[in-house]
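One-letter residues, chain by chain:
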Amino acid sequence: MPVTRARYEALKNAHAALKQKYKETTREQQNHSRTDRLTAATITRLHDETTALRGIVAALILQLEGAGRYEDATALRRQLLGAGLDLSEEIGARAPLPGARLARRQYTPAEAALRADLRRAREALGAMEARCLEVQRVNEAQDVMLREAADQSVGSAA
């Protein structure tokens, strides 16, 4: 069966339309795939952030209890339970064993630098306070001497 010019053009146009549709479908699939990857990355990031926040709150509750602020810790636990958050697993994982000695706190370099600055500021404050007390004693001694001199001058003038 010979192919007519019209039939050839129709097949050529149909082939071009199919190629275009294939490109569009492939592009849409790539966009969906990229969107799926971004969504998965967002879900993973949010899960990690939630886990970190739960750990921070659990550590806060343990710090409150360690500082003897049991009422505040209990109130915070009740508030969290009222909001539907049960942190008993996180608290249990972070709670020290009975009778265990706590390890020294390990500070990050930035925290260590801040602590060193704070220690130097406290030392400078202590030195300034000692200097102020010394100046106050000198002022009181001078005040006594001036009063005695004033009393002597009043006594000799009379």
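Residues numbered from 1 in each chain as written. Predicted model: local features only at pLDDT ≥ 70, side-chain atom pairs only at ≥ 80, totals over all residues. Heavy atoms only, no water.

Peer 1: Please set out the overall build of the chain residue by residue, giving values where relevant.
Peer 2: For the chain, the helix and strand inventory stands at four helices and zero strands. When the helices and strands of the chain are listed from N to C terminus, the series reads α-α-α-α. Since a compact globule built from 158 residues should have a radius of gyration of about 15 Å, the 40 Å found for the chain marks it as more spread out than a globular shape. Dimensions along the principal axes, computed over C-alpha positions, put the chain at roughly 150 × 50 × 30 Å. Counting only residues that meet the buried cut, the chain has 8% of its 158 residues in that class. Within the chain, residue pairs in contact and separated by at least 24 positions form 47% of the contacts whose partners lie at least 6 positions apart. (Helix = DSSP H or I, 4+ residues; strand = E, 2+ residues; numbered from the N terminus. Rg over C-alpha atoms; globule rule 2.2 N^0.38 Å. Buried < 20%, exposed > 50% of the residue type's maximum accessible area, 1.4 Å probe, protein only. Contact = heavy atoms within 4.5 Å.)

Peer 1: Outline the pattern of salt bridges, supporting the account with residue identities and numerical values.
Peer 2: Two side chains with opposite charge may pair up if their charged atoms get near one another. According to the stated counting rule, one finds eight salt bridges in the structure shown. Arg-77 is paired through a salt bridge with Glu-65; the nearest N and O atoms lie 3.1 Å apart. Of this pair, Arg-77 sits in helix α2 (residues 70-82) while Glu-65 sits in helix α1 (residues 5-66), and the two are twelve residues apart along the sequence. Of the residues examined, Arg-77 reaches a relative accessible area of 33% and is grouped as partly exposed. By relative accessible area, which is 24% here, Glu-65 ends up partly exposed. Its salt-bridge partner being Asp-72, residue Arg-69 comes within 2.9 Å of it at the nearest N-O pair. (Salt bridge = Lys/Arg side-chain N within 4 Å of Asp/Glu carboxyl O.)

Peer 1: Which residues make up the nonpolar core, and what are the values?
Peer 2: The biggest cluster of nonpolar side chains holds nine residues, and these are Ala-58, Ile-61, Leu-62, Leu-64, Ala-73, Leu-76, Leu-80, Leu-87 and Ile-91. Mapped onto this core, the elements with two or more residues apiece are α1 and α2. Looking at this core, the element that brings in the most residues is α1, giving four residues. Not counting the four nearest positions on each side in its chain, Leu-76 is found in contact with Leu-60, Ile-61 and Leu-64. (Core = buried A, V, L, I, M, F, W, Y, C linked by side-chain atoms within 4.5 Å.)

Peer 1: Go over the confidence of the model for the chain, please, and point to the residues and values.
Peer 2: Fine structural detail should not be taken from predicted coordinates in areas where pLDDT scores are low. On average, residues of the chain score 85 in pLDDT, and 92% of them are at 70 or above. The spread of mean pLDDT over the elements of the chain runs between helix α3 (residues 88-94), the lowest at 82, and helix α4 (residues 109-157), the highest at 90. (pLDDT = per-residue confidence, 0-100.)

Peer 1: So what about the packing of α1 against α2? Which residues, and what values?
Peer 2: At a minimum axis distance of 7 Å, the contact between α1 and α2 shows a crossing angle of 150°. Classified by the interaxial angle, the pair formed by α1 and α2 is roughly antiparallel. For the pair α1 and α2, the crossing hand works out as left-handed. Together, Val-57, Leu-60, Ile-61, Leu-64 and Glu-65 of α1 and Tyr-70, Asp-72, Ala-73, Leu-76, Arg-77 and Leu-80 of α2 make up the contact between the two elements. Considering only residue class, the contact of α1 with α2 consists of eight nonpolar, no polar and three charged. (Axes fitted to C-alpha atoms, helices over the stretch in contact; angles between N-to-C directions. Parallel < 35°, antiparallel > 145°, perpendicular 65-115°, else oblique. Left-handed = near helix turned anticlockwise from the far one by under 90°. Nonpolar A, V, L, I, M, F, W, Y, C, P; charged D, E, K, R; others polar.)

Peer 1: Any details on α1? Residues and values, ideally.
Peer 2: With 62 residues, α1 extends 91 Å from end C-alpha to end C-alpha; this agrees with the ideal 92 Å at 1.5 Å per step. Residues of α1 that are buried: Gly-55, Ala-58, Ile-61, Leu-62 and Leu-64. The secondary structure elements touched by the buried residues of α1 are α2 and α3. Gly-68 occupies a position one or two residues after α1 and carries a positive phi of about 85°. (Expected span 1.5 Å × (residues − 1).)

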